[in-house]
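Summary of the model geometry
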Amino acid sequence: MVERDGRVAVVLLNRPKQLNALSGEVMGALVSALLELDEDAEVRAIVLGGNERAFAAGADIAELAAGTPISLYESRRIDAWDSIRAVRTPIVAAVSGFCLGGGCELAMLCDLIVASESAKFGQPEINLGVLPGAGGTQRLTRAVGKAVAMDMILTGRMLSAREALDFGLVARVVAQEAWLDEAKRVAYEIAAKSPISVRLAKEAIDKAFEMPLAAGVEFERRSFYLARAAEDATEGLNAFIEKRLPKFEGT
Ligand code: CO8
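Report follows, based on the coordinates. The structure displayed is predicted, hence computed values, not measured ones.

1. Observations concerning the site of the ligand
If you check the shell around the ligand, you find 23 residues, and the closest are Arg-53, Ala-57, Ala-59, Ile-61 and Gly-102. Ile-61 has a polar backbone atom sitting 2.9 Å from a nitrogen atom of the ligand. Here the ligand, which alone exposes 1,100 Å², has 65% of that area covered by the protein. Secondary structure elements with two or more residues in the shell around the ligand: helix H2 (61-66), helix H4 (77-82), strand E6 (98-100) and helix H5 (102-109). Per-class residue counts for the shell around the ligand are 12 nonpolar, 5 polar and 6 charged.

2. Examining the sheet that holds strand E2 (residues 8-12)
Taken together, the 6 strands give an open sheet; going across it, the order is E1-E2-E3-E5-E7-E10, and neighbouring strands pair in mixed fashion. Taken across any chain shown, the strands that pair with only one partner, and hence form the sheet edges, are strand E1 (2-5) and strand E10 (172-174). Strand-to-strand twist in this sheet, taken as the mean axis angle between neighbours without regard to direction, amounts to 20°. In this structure, strand E5 (residues 91-95) lies alongside strand E7 (residues 112-116), joined through 4 bridges in parallel fashion. Paired with Val-95 across the strands is Ala-115, a residue of E7. Sheet strands in contact with helix H1 (residues 24-39) are E1, E2, strand E3 (45-49) and E5, and its direction is about 180° off that of E2.

Thresholds, definitions, all that
- Residues numbered from 1 in each chain as written.
- Predicted model: local features only at pLDDT ≥ 70, side-chain atom pairs only at ≥ 80, totals over all residues.
- Heavy atoms only, no water.
- Near = heavy atom within 4 Å.
- Polar contact = N/O pair within 3.5 Å; in protein donor to acceptor, adjacent residues only side chain to side chain.
- Areas by Shrake-Rupley, 256 points an atom, 1.4 Å probe, with all protein chains shown as cover.
- Helix = DSSP H or I, 4+ residues; strand = E, 2+ residues; numbered from the N terminus.
- Nonpolar A, V, L, I, M, F, W, Y, C, P; charged D, E, K, R; others polar.
- Pairing = 2+ DSSP bridges.
- Axes fitted to C-alpha atoms, helices over the stretch in contact; angles between N-to-C directions.
- Contact = heavy atoms within 4.5 Å.

In short, geometric facts, not functional conclusions.
This is the structure we're talking about:
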């Protein structure tokens, strides 16, 4: 379900009876929606959420049980998730309730997570005799560190929203009823900035996970020069000097 409100698009997973279990169909529709929104220059930030009870309780277990290793491999289902990494528009995950397995992996594919106090994060695949398969062992470890990632992935332990905040998995925790509004508020705040500098900053932060420090710092510096070349940078700097609010046009 996709709603547009000015510069922010809100995408809500809508399979409530199965706690938004991520079937191939759901993921296919989600990836197409995100890629389409990413092409739309009017959209400057995206909120991805579920409902109050669940962001998503994981990949669809019935589908996993029915599939074979070869059918999973041939369908390239997990590969489709990777295309979310290529989305340049910032994505804010709005998490309320269960955020488990593939659901947690999906939230971690987003750029930041806003969670309600009720949110529960976990990688419980071990209880099913498998393990995370869409990046969980890598992204969770980078987010919370080895000790907590081992604890969560080897025992299936769930984290409360407060724990997830303390461990660095989520950016903000808000009251239960504010889970979507706060995520939208963050998205509007991002959408008001220069989209060029936002995208370059997002890309540079992502490089921190993939590059050695010196190469990442060099990448950042070149991104800074590139951002300075935009009219938005001239506008932002001049607006400060002239003591007025900047008006970013995305040019
Ligand atoms: N897949 C399919 N259906 C699900 C899933 C799921 N992941 N989670 C819940 N459901 C369904 C239940 O079967 C139930 O359906 P029904 O009413 O028809 O019986 C309905 O949602 C409601 O669930 P519960 O009755 O169990 O609700 P509870 O409040 O009692 O429990 C829990 C909520 C604790 C979240 C519980 O549903 C649960 O443990 N769910 C499974 C969580 C899990 O193990 N997730 C990991 C799945 S594996 C995975 O994500 C691997 C990712 C690798 C990527 C692969 C890409 C192809």
